[in-house]
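One letter stands for each residue in the lines below.
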Amino acid sequence: MARIVVDSYQTIPEKIIAGDSFELRIRMKNASSDIEASNILFTLEPEKASDSGGAAFTSESGSTSIVVNSLKAGEVTELVMQMQSKPSLEQKAYTVKIKEQYDSPDYMNAEEEVSIDIPVYQIAKLNTGTMEIMPGSITVNEETNIMFSINNTGKVDLYNVMVKFEADSIQTTDTYVGNIKPGAT
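Presented here is a report on the structure given in the accompanying data block. (Residues numbered from 1 in each chain as written. Predicted model: local features only at pLDDT ≥ 70, side-chain atom pairs only at ≥ 80, totals over all residues. Heavy atoms only, no water.)

Quick look at the sheet that holds strand β4 (residues 37–46) now. Across a sheet, paired strands are connected by hydrogen bonds in the backbone, their directions being either parallel or antiparallel. The strand order across the open sheet formed by 5 strands is β2-β9-β8-β4-β6, and the pairing between neighbours is mixed. Two strands close off the open sheet at either side, each with one partner strand: β2 (16–17) and β6 (65–71). As defined by bridge partners, β4 adjoins strand β8 (residues 92–104) across 7 bridges and the pair is classed as antiparallel. Among the inter-strand pairings, Pro46 is bridged to a residue of β8, identified as Val96. (Pairing = 2+ DSSP bridges. Helix = DSSP H or I, 4+ residues; strand = E, 2+ residues; numbered from the N terminus.)

Rendered as structure tokens:
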């Protein structure tokens, strides 16, 4: 029986942001030294997203299957598919199973399964609340306190948040805020 494995794969663009479309290119190789495979059906099954149970990636054409007529021993073929990632995905790597069904000279309807991991990223998002200045007016060489909230409106943790106060008329000051979890202030 032939052995069909993932030789390599890439996504275009290389870094996938949740919600983006991308091109998935998978190089499949018949790793057998002398057995040909024919009538090969490759079916991609992306991992389910934890938020809704639907697939993390969908095919833009609607089909996740590709047929290759034959693959000689040692030969490589490239599978190309346009995919769409869900905007609500968490930032992590998602598994795509590649199910294979094929014929070999002495073995019909062989079934194998291999998988790849595709990392998905989220864009960090935040906004600031209204600034409160105490006291509201100051004279030269006096100090004031500036307070405002920082809201993490994205889906990823914000680490080592720093605030820098900078203007022509004040002394530049840096303040360490810390880490802010998604949805926290």
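Summed over all chains, the structure comprises 8 salt bridges. Glu113 is paired through a salt bridge with Lys99; the nearest N and O atoms lie 3.9 Å apart. Of the two residues, Glu113 sits in strand β9 (residues 107–121) while Lys99 sits in strand β8, which places them 14 residues apart along the sequence. Here Lys181 ties to Asp157 by a salt bridge, and the two come within 3.6 Å at their closest N and O atoms. On the criterion of sequence distance, the pair formed by Lys181 in the segment after β15 (173–180) and Asp157 in the loop between β13 (150–152) and β14 (158–165) is long-range, its members being 24 residues apart. Its relative accessible area of 55% is what places Lys181 among the exposed residues. Salt bridges sharing partners connect three or more residues here, namely Glu23, Arg25 and Glu78. (Salt bridge = Lys/Arg side-chain N within 4 Å of Asp/Glu carboxyl O. Buried < 20%, exposed > 50% of the residue type's maximum accessible area, 1.4 Å probe, protein only.)

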